Amino acid sequence: MHSNKIKLVDEIIEERTDECEQKGIIWYFHPQTLEAIKERYKKYNPEIISADVPKDERVPLVKAFLKDPKRKLLIASINVMNTSLTCTECKYEVYLEKTYNYIVYSQSRGRIYRPSQDEVTRTYGIRYDNSIDNLQELNLNTKGETLNSLFNQKYISEGIWKKLFSLQKNQTI
């Protein structure tokens, strides 16, 4: 994978895992993304939780990862590991890719932090300007209402379509 996003992920992992010795999660959406990053981060001995891992094996694999001090990185599908697992041993998470589904995203955010926890956790979201990454972020920030309101319209103008695919950070439709 050759992109500026992955270079940022490299920097985050270097700081959080190499320098601060913290465990972390990289969230991905697309299976090809997983294939691109597995080799790149193999030195961290990552645990990988994907749709290929049978449901009954996921929790034991994550628990073993969390207990093993030599294993520092969990690479997880946002669609597969967004619920039922507490990973408070991980102190950071990186969203290499997200989803448009607010519930799935919100649930994934709850994996590394619990209300009674007193340790600081960090969440990194990486997105390009002039891309649909910002539409996705806007939709998640409005709990899915941005896309709901767009798709409930009878007509979406050409100008709105252009804007959707070239949003800047913190811009609205």
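Below is a short write-up of the structure. On a predicted model such as this, the values are computed, not experimentally measured, just so you know. (Residues numbered from 1 in each chain as written. Predicted model: local features only at pLDDT ≥ 70, side-chain atom pairs only at ≥ 80, totals over all residues. Heavy atoms only, no water.)

Here we look at the side chain of Q22
Here's step 1: One can find Q22 in the loop between α1 (4–19) and β1 (23–28).
Here's step 2: Within the local environment of Q22, its side chain forms a polar contact with the side chain of R16, the two groups lying 2.9 Å apart.
Here's step 3: Those residues in contact with Q22 that lie beyond four places of it in its chain are R16, T17, K72, K91 and Y92. (Helix = DSSP H or I, 4+ residues; strand = E, 2+ residues; numbered from the N terminus. Polar contact = N/O pair within 3.5 Å; in protein donor to acceptor, adjacent residues only side chain to side chain. Contact = heavy atoms within 4.5 Å.)

A closer look at the pairing of β1
Here's step 1: Burial analysis of β1 places six of its six residues in the buried class, the great majority of the element.
Here's step 2: Alternating residues of β1 divide into K23, I25 and W27 and G24, I26 and Y28, and every residue in both groups is buried. (Buried < 20%, exposed > 50% of the residue type's maximum accessible area, 1.4 Å probe, protein only.)

Observations regarding the side chain of N82
Here's step 1: Within the fold, N82 resides in the loop between β3 (73–77) and β4 (90–95).
Here's step 2: Since its relative accessible area comes to 7%, N82 is described here as buried.
Here's step 3: In contact with N82, other than residues within four places in its own chain, are W27, V104, Q107, S108 and R111.

Focus: the packing of aromatic side chains
Here's step 1: Enumeration according to the criterion identifies three aromatic pairs in this entry.
Here's step 2: Centroid distance W27 to Y95: 5.9 Å. Interplanar angle 15°. Geometry classified as stacked. You can see W27 sitting in strand β1 and its partner Y95 sitting in strand β4, a full 68 residues away along the chain.
Here's step 3: We classify W27 as buried; its relative accessible area is 0%.
Here's step 4: Grouped by ring-pair contacts, the aromatic residues W27, Y95 and Y105 constitute a single cluster.
Here's step 5: K23 extends its terminal NZ or CZ atom over the ring of F65, reaching a point 4.3 Å from the ring centre. (Phe/Tyr/Trp six-rings, centres within 6.5 Å; stacked < 30°, edge-to-face > 60°. Lys NZ or Arg CZ within 6 Å of the ring centre and 35° of its normal.)

What to know about the environment of Y155
Here's step 1: As for its placement among the helices and strands, Y155 is situated in the loop between α6 (145–151) and α7 (158–164).
Here's step 2: With a relative accessible area of 63%, Y155 lands in the exposed category.
Here's step 3: The spatial distance from the C-alpha of Y155 to the C-alpha of E14 is 47 Å, given a sequence separation of 141 residues.

With respect to the nonpolar core
Here's step 1: With 19 residues, the main nonpolar core has I25, M81 and C87 as its most contacted residues.
Here's step 2: Among the secondary structure elements, those contributing two or more residues to this core are β1, α3 (55–67), β3, β4 and α4 (102–109).
Here's step 3: Broken down by element, the residue count for this core peaks at three residues, all from α3. (Core = buried A, V, L, I, M, F, W, Y, C linked by side-chain atoms within 4.5 Å.)

Details of α3
Here's step 1: Taken together, the buried positions of α3 are R58, V62, F65 and L66. The buried residues of α3 occupy an angular sector of 95° when projected down its axis, which confines them to one face. The exposed residues of α3 that point more than 90 degrees off its buried face are D56, K63 and K67.
Here's step 2: Against β1, β2 (47–49), β3 and β4 lie the buried residues of α3. (Arc of directions from axis to C-beta.)

Limitation: the analysis is restricted to geometry and does not speak to function.
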